[in-house]
Amino acid sequence: DSGASETVIGPDMIRNVAIRQGDQFQRGVQYEIAPGDLIPNLGEKSFVGVSEDFVTRGLTAQVAEVNQGLLSVRKMMQCGHQIVFDSDGSYIYDKQNGEYMQLQDNGSMFLLKLWCRKRGF
């Protein structure tokens, strides 16, 4: 999500990885959702994701009561990625190693499908 300040997943997503109390949880961080309500940070999960292009990435996502996972474009950019949204094809490009991860456009949002390894990193 280009507007998401954090990469966030729900507590029931990536079930084989335990939630740990990260820095944001300890500071009592909350997130504002669309209607203006606040939801608390429940911790974080670190895991290894593998894209449909077989690109492997270690990710840490904050955990909150959300219906769908959100990948923060800003956080990806800060980690050296270029994100391209285009009618001819959308993708995430890793500037350091030249790898691409294709994004799928479902007509209302862009999706990055990831498989998760059984163990985190």
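Higher on the page you've got the structure.
Novice: Before we move on, could you go through the environment of Gln82 and cite the residues and values that matter?
Specialist: Take Gln82: it is sitting in strand S6 (residues 81–84). C-alpha separation for the pair Gln82 and Ile92, spaced 10 residues apart in sequence, amounts to 5.7 Å. Not counting chain neighbours up to four residues away, the residues in contact with Gln82 comprise Tyr91, Ile92, Tyr93 and Lys95.

Novice: So what's going on with the pairing of strand S8 (residues 100–105)? Residues and values would help.
Specialist: Examined bridge by bridge, strand S7 (residues 90–94) and S8 share 4 bridges and lie antiparallel to one another. Each residue of the ladder has a partner; that of Tyr91, found in S8, is Gln102. Remark: 5 residues form the turn of the hairpin made by S7 and S8, two consecutive strands paired antiparallel; Gly98 in that turn has positive phi of roughly 80 degrees. As paired strands, S8 and strand S9 (residues 110–111) are joined by 2 bridges and run antiparallel to one another. Its bridge partner lying in S9, Asp105 is registered against Phe110.

Thresholds, definitions, all that
Residues numbered from 1 in each chain as written. Predicted model: local features only at pLDDT ≥ 70, side-chain atom pairs only at ≥ 80, totals over all residues. Heavy atoms only, no water. Helix = DSSP H or I, 4+ residues; strand = E, 2+ residues; numbered from the N terminus. Contact = heavy atoms within 4.5 Å. Pairing = 2+ DSSP bridges.

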